[in-house]
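# Observations on chain architecture
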Amino acid sequence: MEGQTPGDRGLSEKPVPTAARPSLSSLGAIFILLKSALGAGLLNFPWAFHKAGGVAPAFLVELVSLVFLISGLVILGYAASVSGQATYQGVVGGLCGPAIRKLCEACFIINLLMISVAFLRVIGDQLEKLCDFLLPGAPPAPQPWYADQHFTLTLLSVLVILPLSAPREIGFQKYTSVLGTLAACYLALVIVAQYYLGPQDLAREPRLASSPSSWTSVFSVFPTICFGFQCHEAAVSIYCSMRHQSLGHWALVSVLSLLACCLVYSLTGVYGFLTFGTDVSADILMSYPGNDGVIIVARVLFAVSIVTVYPIVLFLGRSVMQDFWRRGCCWACGPRALAEPSGPWVRVSLTVLWVTVTLAMALFLPDLSEIIGIIGGVSSFFIFIFPGLCLICAVSVEPVGPRVKCFLEAWGVVSVLVGTFIFGQSTAAAVMELL
């Protein structure tokens, strides 16, 4: 495909207006996609294998989902080249119209908000286990007030997370970007090693070849997969930052990065489920004893990694709210009556509001699994629905051969239908669990 012209491929490509001299290499793009996908969702894959009824059905659903995940990334790269936009919401708005763009921005904020809640919930769980290790006591005796998760997570949010999230730019985060990938790989290796070399008192399920209880239990894996593999929100920005912006090159980057993610997620899910069986927790680290040194290192690495990723998520959500502010979409204010959205007062106010809301939700929601269902449902818009709509709209304005156009439109319709089903099923299940 590198040696062919756009006309030879049947898909025309337009240059994307990006920053001057995009310098991101292909290897750098792969690692950024890896970092975006390998996050807190890794902790939930063993629990998802249990919910699906075993290794075989969960792995089958994961492989089917991988086809749509890769195609979604390729579609977003193609849509960016057609629309000439450099952001996800810009691509959606440029191809599908302003109404769909507003829906995309609303889903963007909701999704990033719930991801922030999940991050804080994971950090709080690890802090609780670390306090149990540092302040051991008899089981009937309650922990001191300063070891309570409500206090430790609030203190960490005020003293560490809020100052990291307040700056206008987060360029310094590039120095900690490798930490998330290292923590995820370390966790996967630890789970595999614990299965073979761990203590014998770990709970192992004697009959692991269990069948799913119903077809809905198999589909319950989709929210966790969407939560774990979601890197599509950053796909357009990554594509527009690459030196070689060709569709074939981007497809290769997408395939390699998601295959590597699939390997790490599969190892974690399989061996975590084989170790604990039906007793596995929604957070795999919570299933291990709190006094294991290897697990303690994994807790610290994962907590520090998520602390450094949280400001990036907040920055993306805040940028969307600042765009709303610029367009005069605030209550009872005209465009000229608004303060500069990038100014310190507005920026700090939005940051404090974001941290406060997500912290309150993380402290009062009882279980991480309830958050994942909501995130997985909203993520289906970015992985399935919006790429499908962009593909349908892109081929309608581009000179494409009739057979290729028919195939691409059909695939776009299938992506929209699959995404709509996943959103309805996972959101309904999450609401039922909350009720």
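Fair warning: this is a prediction, and the values are worked out from it, not measured in the lab. (Residues numbered from 1 in each chain as written. Predicted model: local features only at pLDDT ≥ 70, side-chain atom pairs only at ≥ 80, totals over all residues. Heavy atoms only, no water.)

### Some details on the overall build of the protein
Convention followed: Note on conventions: DSSP H or I runs of at least 4 residues are helices, E runs of at least 2 residues are strands, and numbering of each starts at the N terminus. Here's how the labels work: a residue is buried when its accessible area is under 20% of the maximum for its type, exposed when over 50%, partly exposed in between, all with a 1.4 Å probe on protein chains only. Whether two residues touch is decided by their heavy atoms; if any such pair falls within 4.5 Å, the residues are in contact. Note that accessible areas follow from Shrake-Rupley with a 1.4 Å probe, and for residues the cover is restricted to the protein chains shown.
What the protein contains, in helices and strands, is 16 helices and zero strands. The buried share of the protein, reckoned over its 435 residues, is 52%. Relative to all contacts within the protein whose residues are 6 or more apart in sequence, the contacts with residues 24 or more apart total 84%. With an accessible surface of roughly 19100 Å², the protein has 70% of that area assigned to carbon and sulfur atoms.

### What about the packing of helix α13 (residues 293-326) against helix α14 (residues 344-364)?
Inclusion rule: Each axis is a line fitted through C-alpha atoms, and for a helix only the stretch in contact is used; angles between axes span 0 to 180 degrees, taken between their N-to-C directions. Roughly parallel means an angle under 35 degrees; roughly antiparallel means over 145; roughly perpendicular covers 65 to 115; every other angle is labelled oblique. Left-handed describes a crossing whose near helix is turned anticlockwise from the far helix by less than a right angle; the clockwise case is right-handed. Polar here means any residue other than Ala, Val, Leu, Ile, Met, Phe, Trp, Tyr, Cys and Pro, which are nonpolar, and Asp, Glu, Lys and Arg, which are charged; Gly is therefore polar.
One way to put it is that α13 packs onto α14 with a least axis distance of 10 Å and a crossing angle of 125 degrees. In terms of orientation, α13 lies oblique with respect to α14. When the axes of α13 and α14 are compared, the crossing they make is right-handed. Counting all contacts with α13, which are made through Tyr 310, Leu 314, Gly 317, Arg 318, Met 321, Gln 322 and Trp 325, the residues of α14 involved are Val 346, Arg 347, Leu 350, Thr 351, Trp 354, Val 355 and Thr 358. Per-class residue counts for the contact of α13 with α14 are eight nonpolar, four polar and two charged.

### Observations concerning the confidence of the model for the protein
Defined as follows: The pLDDT score gives, residue by residue, the confidence of the prediction method on a 0 to 100 scale.
With 81% of its residues at a pLDDT of 70 or more, the protein has an overall mean of 80. For residues 1-13, every residue scores under 50 in pLDDT, and the model assigns this stretch 24 contacts once sequence neighbours within four places are set aside. Low pLDDT, under 50, characterises residues 205-209; the predicted model gives this stretch eight contacts beyond four residues in sequence or across chains.

### Re helix α5 (residues 88-96)
Count 3.6 residues to each turn of an α-helix, and residues three or four apart come out pointing the same way. With eight of its nine residues buried, α5 lies for the most part within the structure. Those residues of α5 that fall on the buried side of the exposure criterion are Tyr 88, Gln 89, Gly 90, Val 91, Val 92, Gly 93, Leu 95 and Cys 96. Where α5 ends, the next residue or the one after it, Gly 97, has phi of about 105 degrees, a positive value.

### Thoughts on the pattern of salt bridges
What counts is decided by this rule: When a carboxyl oxygen of Asp or Glu is within 4 Å of a side-chain nitrogen of Lys or Arg, the pair counts as a salt bridge.
Per the counting criterion, the structure on display carries two salt bridges. The partner of Arg 101 in a salt bridge is Glu 105, with the nearest N and O atoms 3.2 Å apart. Separated by four residues within a single helix, Arg 101 and Glu 105 lie in helix α6 (residues 98-134), roughly one turn from each other. Its salt-bridge partner being Asp 125, residue Arg 121 comes within 3.8 Å of it at the nearest N-O pair. Of this pair, Arg 121 and Asp 125 both sit in helix α6, four residues apart, which is roughly one turn of that helix. Asp 125 shares its class with Arg 121; the two are buried.

### Section: the side chain of Ser 426
Defined as follows: Side-chain atoms alone can form a polar contact between residues adjacent in sequence; in general such a contact is a pair of N or O atoms within 3.5 Å, and within protein one must be able to donate a hydrogen while the other accepts it.
As for its placement among the helices and strands, Ser 426 is situated in helix α16 (residues 402-434). Residue Ser 426 is classed as buried on the basis of its relative accessible area of 2%. At 3.4 Å, the side chain of Ser 426 and the backbone nitrogen of Gly 377 are in polar contact. One polar contact links the side chain of Ser 426 to the main-chain carbonyl oxygen of Phe 423, over a distance of 3.5 Å. If sequence neighbours within four positions are ignored, Ser 426 has contacts with Pro 223, Gly 373, Gly 376 and Gly 377.

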